[in-house]
Amino acid sequence: MDCSFPQIEDLYYQYGGSLLLFAVSVCGESSRAQDAVHQVFLKLMEAGSIQNALDPKAYLFASVRNVLLNERKFRKRNVPLEPDRMWFVPPNRDYAAELHLRGALQSLPDDQRQVLVLHVWGELTFSQVAEVLKISANTAASRYRYALTKLRDAMLVKENSDG
Amino acid sequence: MANPDDEQLKSYLKSFHPVVPEPLRTRAYPAKAGRLFALATTAAVSLAAIGLVVVLLSRSWQHVPRPATKSSPSREIAVQSLNSARGSQISTTLLTKLALDDHEAFDELMTEKVRTQFPLMKDEQSALRVLAKE
């Protein structure tokens, strides 16, 4: 798929937010996540096309993941998720709810969190999630169900402890 | 089959919008930036070339010998010097200079000199008449 500069820009504005969220959910650092997303788009601009990509959206998420995984190989360590950076713009400026949700997401295992982010905020189908994470669609669907259950529990526990 | 609780939770989660990333940095526009850079370079080179041509032309014009005007100092000096030398031997250098600087003045002077320095032809004592009588 050939992409002109405005088309790439459109892709950036369309998927930038969810790509950034996905990147943060993978690496745990906002700055690294931002760099990874930028790196993908810069390479895309240099190439001028999304080569051999049947599904550009899934391709973008997979590219961000690959950038972060390659970087992780060099760093050889996992960084704990940042507790103080916002991941979301909360509805009605409910920053407590944002903190609550972020904490619940951070409590999930990495693989489940990534599937949840890709499916809910990336709006990827389970087939696309499977393509990005190189797992089967069934695995993606089951991880999603586990993630939702754990998330609900984590949020309820937090609400009860707050109450 | 989708669990209604799951769908409810999903819609709640979707009400949170991911933070928008920072705009792509300037480095993100290589093609556009390259084009702008090429345009700016071309414009600068063109301006420099035009400037160089103008400077060279103006210099070459300064070196072209221009005919002296009637009020030019070189002409006046030459005419004055020649007038003062009237009747006596005229300096060849001054004549050459006048011929190069001002053709009109040179012609005028030579006409005058011809009238005064060559023997008369029309009068009673003209050289032609005397020779004819002989």
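Since the structure is predicted, the reported quantities are computational estimates derived from the model, not experimental observations.

## Description of the packing of helix α1 (residues 5–27) of chain A against helix α5 (residues 110–120) of chain A
All names here are of chain A.
Argument step 1. It is the contact of α1 with α5, at a shortest axis distance of 9 Å, that shows an interaxial angle of 175°. For the element pair α1 / α5, the angle class is roughly antiparallel. Taking contact as the criterion, the partners of Leu21, Phe22, Ser25 and Val26 in α1 are, on α5, Arg113, Gln114, Val117 and Leu118.
Argument step 2. Here the residues of the contact of α1 with α5 are counted per class, giving five nonpolar, two polar and one charged.

## Quick notes on the interface of chain B and chain A
Argument step 1. Taken together, the contacts link 20 residues of chain B with 26 residues of chain A.
Argument step 2. Listing elements by their share of the side of chain B that touches chain A, those giving two or more residues are α1 (4–14), β1 (17–18) and α2 (30–63) of chain B.
Argument step 3. Per element, the largest residue contribution to the side of chain B that touches chain A is five residues, and it comes from α1(B).
Argument step 4. The class makeup of the residues in the side of chain B that touches chain A is 11 nonpolar, two polar and seven charged.

## Notes on the confidence of the model for chain B
Residues and elements named next belong to chain B.
Argument step 1. When the pLDDT values of chain B are averaged, the result is 74; 61% of them are 70 or greater.
Argument step 2. Per-element confidence in chain B ranges from a low mean pLDDT of 62 for helix α3 (residues 73–84) to a high of 93 for β1.
Argument step 3. Two numbers describe this predicted complex: its pTM, 0.58, and its ipTM, 0.81.

## Observations concerning the packing of α5(A) against helix α6 (residues 126–133) of chain A
Residue and element names in this part refer to chain A.
Argument step 1. Close contact between α5 and α6 brings their axes to 10 Å; oriented N to C, the two are set at 135°. Here α6 runs oblique to α5, going by the angle between their axes. In the packing of α5 onto α6, the handedness of the crossing is right-handed. Every residue of α6 that contacts α5 at Gln114, Val115, Leu118 and His119 is listed here: Phe126, Val129, Val132 and Leu133.

Reading the values: the criteria
Each chain has its residues counted from 1, following the order in which its sequence is written. As a convention, the first chain written is A and the first ligand written is 1, with the rest following in written order. The model is predicted, so local features are restricted to residues of pLDDT at least 70 and side-chain atom pairs to those at 80 or more, both for listing and for counting; the totals for chains, interfaces and linings are taken over all residues. All axes are obtained by fitting lines to C-alpha atoms, using only the stretch in contact for helices, and the reported angles, taken between N-to-C directions, cover 0 to 180 degrees. In DSSP terms, a helix is any run of H or I states spanning at least four residues, a strand is any run of E spanning at least two, and both are numbered starting from the N terminus. These descriptions rest on fixed angle ranges, namely under 35 degrees for roughly parallel, over 145 for roughly antiparallel, 65 to 115 for roughly perpendicular, and the rest for oblique. Note on contacts: residues are paired as contacts if their backbone-placed C-beta atoms lie within 7 Å. Residues are grouped as follows: Ala, Val, Leu, Ile, Met, Phe, Trp, Tyr, Cys and Pro are nonpolar; Asp, Glu, Lys and Arg are charged; all remaining types, including Gly, are polar. Per residue, pLDDT captures the predictor's confidence, and it can take any value from 0 to 100. For any pair of crossing helices, the crossing counts as left-handed if the nearer helix is rotated counterclockwise from the farther one by less than a right angle, and right-handed if it is rotated clockwise.

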